Amino acid sequence: MVAQISKTMPTHENNPLIEVSELTKRFDDVIAVDGIGFTVGKGELFGFLGPNGAGKTTTINILTGLARPDSGAIRISGLDISRNPKAAQHLIGIVPDESNLYPELTGFDNLCFCASLYGVQKSEGIVRAKELLEQFDLKEAAHRKFAGYSKGMKRKLTIAAGIIHHPEILFLDEPTTGIDVASARQIRHLIAELQRAGTTVFLTTHYIEEAERLCERIAFLVKGQIVRVDSVANLLQPIQERKAMLISFLNGGSDLCDKLAVTFPDYEFQTISFEQVRVESADIINIGPLIRFIEEQGTQVTEARRLKPSLEEVFVRITGIELNSVGREKEKAKGS
Amino acid sequence: MKQWIAFWSIVRKDMQAYYLKPPNISWGLIFPVAWTGMFFIKSGSGLESILTLLPGVIAISILFGTTSMLAVTVTFEKNNRSFERLLLAPISLELLMLAKTGGAILFGVVNAFVPIIFALFLTDLSQVVWITVLPAIVLIAISSTFLGLLIAVSVNEVFEAQTFSNFFRFPMIFLCGLFFPITSIPTLLRPLSYLFPLTYGVDILHGAIHGKNIMSLPLNFAIIAGFCIILFYVSIRNIHRKWIL
Ligand SMILES: Nc1ncnc2c1ncn2[C@@H]1O[C@H](COP(=O)(O)OP(=O)(O)OP(=O)(O)O)[C@@H](O)[C@H]1O
Ligand SMILES: [Mg+2]
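Throughout this description, residue numbers start from 1 for each chain and increase along the sequence as written. The lettering of chains begins at A and the numbering of ligands begins at 1, in the order of writing. The predicted nature of this model means local features are confined to residues of pLDDT at least 70 and side-chain atom pairs, given and counted, to a pLDDT of 80 or more, with totals for whole chains, interfaces and linings taken over all residues. As a rule here, side-chain values cover all heavy atoms of the structure and leave hydrogens and water aside.

Enquirer: So what exactly am I meant to see when it comes to the overall build of chain B here?
Expert: Helix numbering and strand numbering both begin at the N terminus, where a helix is a DSSP run of H or I of at least 4 residues and a strand a DSSP run of E of at least 2. A tally of regular secondary structure across chain B gives 10 helices and 0 strands. Reading the secondary structure of chain B in the N-to-C direction produces α-α-α-α-α-α-α-α-α-α. The C-alpha radius of gyration of chain B comes to 18 Å, within 12% of the 18 Å expected for a compact globule of 245 residues. Taking all 245 residues of chain B together, 55% fall into the buried category. The protein chains shown are the only cover counted for residues, whose accessible areas, like all others here, come from Shrake-Rupley with a 1.4 Å probe. Of the roughly 10,400 Å² of accessible surface on chain B, 75% is carried by carbon and sulfur atoms. Measuring between centres, the 15 positive side-chain charges of chain B sit 6 Å from its 9 negative side-chain charges. Each radius of gyration is computed over the set of C-alpha atoms, and the globule rule expresses the reference value as 2.2 Å times the number of residues to the power 0.38. Residue exposure (1.4 Å probe, protein chains only): buried if accessible area is under 20% of the type maximum, exposed if over 50%, otherwise partly exposed. We count Lys and Arg on the positive side and Asp and Glu on the negative side, and we leave His and both chain ends out. Think of each charge as sitting on NZ of Lys, CZ of Arg, CG of Asp or CD of Glu.

Enquirer: What is the right way to look at the overall build of chain A in this model?
Expert: Helices and strands together make up the secondary structure of chain A, namely 12 helices and 14 strands. Relative to a compact globule of 336 residues, whose C-alpha radius of gyration would be 20 Å, chain A shows 22 Å and is just as compact. Principal-axis analysis of the C-alpha atoms gives chain A an extent of 75 × 45 × 45 Å. Considering chain A as a whole, with its 336 residues, one finds that 52% of them fall into the buried category. Every residue pair with non-hydrogen atoms within 4.5 Å of one another is taken to be in contact. Long-range pairs, those at least 24 residues apart, make up 69% of the contacts in chain A between residues at least 6 apart in sequence. With the model as given, the accessible surface of chain A reaches about 15,200 Å², and the carbon-plus-sulfur share is 49%. Put simply, chain A has 39 plus and 44 minus side-chain charges, and the middle of one group is 4 Å from the middle of the other.

Enquirer: Can you walk me through the pattern of salt bridges in this structure?
Expert: Side-chain pairing between opposite charges can occur once the charged atoms of the two side chains come close. When a carboxyl oxygen of Asp or Glu is within 4 Å of a side-chain nitrogen of Lys or Arg, the pair counts as a salt bridge. Evaluation of the coordinates by the stated rule reveals 20 salt bridges over all chains. One salt bridge connects B:Lys13 with B:Asp14, and the closest N-O pair in it is separated by 3.1 Å. Accessibility expressed as a relative area gives 3% for B:Lys13, which makes it buried. Each of A:Asp97, A:Glu98, B:Arg81 and B:Glu84 takes part in a single network of salt bridges with overlapping partners.

Enquirer: Please explain the interface of chain A and chain B as it appears in this structure.
Expert: Frequently, the measure chosen for interface size is the accessible area removed from exposure when the parts meet. The partner chain B presents 30 residues to the 31 residues of chain A that form the contact. A per-residue breakdown of the area chain A buries against chain B is headed by A:Leu66, A:Tyr102 and A:Leu117, which together make up 24% of the total. At the junction of chain A and chain B, the tally comes to 2 salt bridges. Across the pair B:Arg81 and A:Glu98 runs a salt bridge, and its minimum N-O distance is 3.1 Å. Side-chain atoms alone can form a polar contact between residues adjacent in sequence; in general such a contact is a pair of N or O atoms within 3.5 Å, and within protein one must be able to donate a hydrogen while the other accepts it. Summed over the shared surface of chain A and chain B, the result is 10 residue pairs in polar contact (both at pLDDT 80 or more). Those elements that place two or more of their residues in the side of chain A that touches chain B are strand 1 (16–27), helix 3 (107–117) and helix 5 (151–163) of chain A. Looking at the side of chain A that touches chain B residue by residue, the classes come out as 15 nonpolar, 9 polar and 7 charged. Two parts placed together each lose some accessible area under a 1.4 Å probe, and the buried area is that loss summed for both. For this classification, Asp, Glu, Lys and Arg are treated as charged, while Ala, Val, Leu, Ile, Met, Phe, Trp, Tyr, Cys and Pro are nonpolar and the rest, including Gly, are polar.

Enquirer: Can you help me understand the environment of A:Leu105 in this one?
Expert: Summarising the element assignment, A:Leu105 is placed in the loop between strand 6 (92–95) and helix 3. Here A:Leu105 falls in the buried class, since its relative accessible area comes to 4%. Sequence-distant contacts of A:Leu105, that is, excluding residues within four places in its chain, are made with A:Asn110, A:Arg144, A:Lys145, A:Phe146, B:Lys13 and B:Ala17.

Enquirer: I'm lost on the site of ligand 1 in this one. Help?
Expert: The near set for a molecule or strand comprises every residue that places at least one heavy atom within 4 Å of it. Around ligand 1 sit 14 residues in total, of which A:Gly53, A:Gly55, A:Lys56, A:Thr57 and A:Thr58 are the nearest. Close to ligand 1, residues of chains A and B are found. Here A:Gly55 contributes a backbone N or O atom positioned 2.9 Å from an oxygen atom of ligand 1. In the environment of ligand 1, an oxygen atom lies 2.8 Å from a nitrogen or oxygen atom belonging to the backbone of A:Lys56. Burial of ligand 1 by the protein chains amounts to 64% of its free accessible area of 640 Å². Those elements giving two or more residues to the shell around ligand 1 turn out to be strand 2 (30–41) and helix 2 (56–64) of chain A. Looking at the shell around ligand 1, the element that brings in the most residues is helix 2 of chain A, giving 3 residues. Among the residues forming the shell around ligand 1, the class breakdown is 6 nonpolar, 6 polar and 2 charged.

Enquirer: I tried to follow the sheet that holds strand 1 of chain A on my own but got confused; where do I start?
Expert: Pairing between sheet strands relies on hydrogen bonds along the backbone, with the strands arranged either parallel or antiparallel. Within the open sheet, the 4 strands sit side by side as 2-1-4-5 (chain A). Their pairing is antiparallel. Edge positions in the open sheet fall to strand 2 and strand 5 (79–80) of chain A, since each of these has one partner strand only. Each pair of strands is called paired provided DSSP finds at least two bridges between the two strands.

Enquirer: Quick question: what am I supposed to make of helix 2 of chain A here?
Expert: Along an α-helix, residues three or four positions apart point the same way, because every turn accommodates 3.6 residues. Residues and elements named next belong to chain A. When you tally the buried positions in helix 2, you get 7 out of 9 residues, the bulk of the element. Regarding helix 2, the residues found buried are Lys56, Thr58, Thr59, Ile60, Ile62, Leu63 and Thr64. Positive backbone phi, approximately 95 degrees, marks Gly65, located one or two places after helix 2.

Enquirer: I keep staring at the packing of aromatic side chains and nothing clicks. Help me out?
Expert: Remark: the centre distance and the inter-plane angle together describe each pair of aromatic rings, the angle taken between the planes. In this scheme Phe, Tyr and Trp rings, the latter by its six-membered ring, pair at centre separations within 6.5 Å, and the angle between planes marks the pair as stacked below 30 degrees, edge-to-face above 60, and tilted otherwise. Tallying each qualifying case throughout the model produces 26 aromatic pairs over all chains. Relative to A:Phe293, the ring of A:Phe264 has its centre 5.8 Å away and its plane inclined at 90 degrees; by these criteria the two rings are edge-to-face. Taken as a pair, A:Phe264 in the loop between helix 9 (256–263) and strand 12 (268–273) and A:Phe293 in helix 10 (residues 287–296) lie far apart in primary sequence, 29 residues in all. Taking relative accessible area as the criterion, A:Phe264 reaches 15% and is therefore assigned buried. Each ring, one from B:Phe7 and one from B:Trp8, has its centre 5.0 Å from the other, and the planes form 90 degrees; the classification is edge-to-face. In this structure an aromatic cluster arises from ring pairing among A:Phe38, A:Phe46, A:Phe48, A:Phe171 and A:Phe202. Only when the NZ atom of a Lys or the CZ atom of an Arg is both within 6 Å of the ring centre and within 35 degrees of the ring normal do we say a charge sits over the ring. A cation sits over an aromatic face here: A:Lys154 above A:Phe146, 5.6 Å from the ring centre. If you follow B:Lys13 out to its NZ or CZ, it ends over the ring of A:Phe113, 5.1 Å from the centre.

Enquirer: Sorry, what's going on with the pairing of strand 10 (residues 225–231) of chain A here?
Expert: As a general feature of sheets, a regular strand has side chains that alternate between the two faces. Residues and elements named next belong to chain A. Judged from the 6 bridges that link them, strand 9 (residues 217–222) and strand 10 form a sheet pairing that is antiparallel. Paired with Ile218 across the bridge in strand 10 is Asp230. Count of turn residues in the strand 9/strand 10 antiparallel hairpin: 2 residues, of which Lys223 carries a positive phi of about 50 degrees.

Enquirer: Would you explain the confidence of the model for chain A in this entry?
Expert: Fine structural detail should not be taken from predicted coordinates in areas where pLDDT scores are low. Residue and element names in this part refer to chain A. Confidence of the prediction at every residue is given by pLDDT, a number between 0 and 100. On average, chain A scores 85 in pLDDT, and the residues at 70 or more come to 91%. The secondary structure element of chain A with the lowest average pLDDT is helix 1 (residues 2–8), at 40, and the one with the highest is helix 3, at 96. Counted against residues more than four places away or in other chains, residues 1–11, with its pLDDT under 50, gives 8 contacts. Here residues 325–336 is a poorly scored stretch, pLDDT under 50, and it has 16 contacts once near neighbours within four places are set aside; other chains count.

Enquirer: Even after reading the chapter, I still don't get the packing of helix 9 of chain A against helix 10 of chain A, so can you show me in this structure?
Expert: When two helices pack together, their arrangement is captured by the angle between the axes and the distance separating the axes. Residue and element names in this part refer to chain A. Where helices are involved, their axes are fitted lines through C-alpha atoms of the stretch in contact, as for all axes, and angles between N-to-C directions lie from 0 to 180°. Interhelical geometry of helix 9 versus helix 10 gives an angle of 135 degrees and a closest axis separation of 11 Å. Judged by the angle between their axes, helix 9 and helix 10 are oblique. Helix-helix and strand crossings are classified by hand; for helix 9 and helix 10 the assignment is right-handed. In this structure, helix 9 contributes Leu256, Lys259, Leu260 and Thr263 to the contact, and helix 10 contributes Leu290, Phe293 and Ile294. What sets the label is the angle itself: under 35 degrees gives roughly parallel, over 145 gives roughly antiparallel, 65 to 115 gives roughly perpendicular, and the rest give oblique. Here a crossing is called left-handed whenever its near helix is offset anticlockwise from the far helix by less than a right angle, and right-handed whenever the offset is clockwise.

Enquirer: Sorry, what's going on with the side chain of A:Asn100 here?
Expert: Residue position: A:Asn100 is located in the loop between strand 6 and helix 3. Owing to a relative accessible area of 2%, A:Asn100 belongs among the buried residues under this scheme. Setting aside its immediate chain neighbours within four residues, A:Asn100 contacts A:Thr158, B:Asn80, B:Arg81, B:Ser82, B:Glu84 and B:Arg85.

So this is what it looks like as structure tokens:
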């Protein structure tokens, strides 16, 4: 345990590359980002995990200079971004949530162009573009127009375009959304490799497993607020010894959870939906009486399964939200 | 230095991706040719009138060539979000917008020479003061491009950009003294003429090509240059306000 903690207690914490405090951004009546603060150490792989609309993209947009904060302080590599959003752009690489390269240009030309935007000399840009196309299995498509690429190819080229100028900090906005399992694995591998090579990575995702596998520290973002930020080991620690189950049934009504809590005071219950309740306990969960009780309420239990201690568990515990996409991702992973 | 690599690369990419495409080349060439033909034939009153028509035809060629380009290079890229790449690049917004407009300005200047080459075959251009015509062409191209830029950064869709720019372009043909002097425009409308930079550019061309300018040339140059600066900075301000949310 001690070893695990010391491995993940980042030494880079003392050497923050990104410092954010009290950051707020509102769009008309929506508060997209609500007073968040965090730091990302040099060389760290930091994850921003949250459901749709949590404010992940908005945060990236503000940090990279595409949006203006309403209030708050941001420093990147010591440079004050809230005042001059252009100040740190030369240090930054961005992979936006949408693959937004130039449809008219070929893959190769797109990469060369993106390199030149950061002042990379033409000859050097060509070398790097070729390398990246090779690395991403896009060599065959190098001289085809971006418009004709498949979704996954577009995603890969967009990632290549984000790193061609060798940025110190890489912002990845849901890099693996909408692509097949093999490509997603390839991309995760690449992200881990970039970090090993010293790049600081800021990753947003709503795939919990992705965050768990890749990140050193994670911030849980819900409705524009950070509900928890900690190292993966620390996040997992409190549930390591706890037992948890997910019970599924046909529509159980809104008060089932309360009734369960009264009848089984030793367990903790949490409503996930009208069809699912999460049960947690420090000791073994005795499933028989639980199922009987639920069925006595006139509902049919369809499944009861043990939950392994995972970040998904932690996320649900802390936020009360189940990220539906996680299930899908698991299905996909099994399928491969 | 690094910013200039980005600058030239943007200009080159726009040329490659948009300007040198057959539809745009033909649009850029056929349009001026059609205007030229139409006016030269219509005039019918003998070839010396070509000199009085030439300034207007040059101006129209530049105006249509430049303004229609911005709808593509700016509005289209804004819509498919590739413009965000440029906003995220470590290049100042001013230099970035100069790069985005540089190609269009060049395109406008090239367009201006289509009617000039035609006229070369049809009439004697020996009395034309080229040293004045050339900077005037460049300034007309710059001011028209920046007008197109202002429109492009004020709308959201490509078709809006096109509609909106026609809303300006067609009245400008009549209000800016292209084919008849602004002194013959009804007094009520005349103040409008002075609101368009093209008025001053065309006046310079009239002076340099057939000696009939209304205002003094230095004043014309100063005003059109002023327009360029104002249009550019208003556009930059709009981008700051509307696109960096
Ligand atoms: N330009 C905008 N105008 C108005 N509201 C906006 C704008 N951009 C974001 N929002 C709102 O801000 C909130 C946060 O959006 P954001 O895109 O940052 O979420 P996200 O965490 O990236 O979600 P997703 O996982 O769907 O990408 C949402 O409620 C969204 O509707
Ligand atoms: Mg997003």
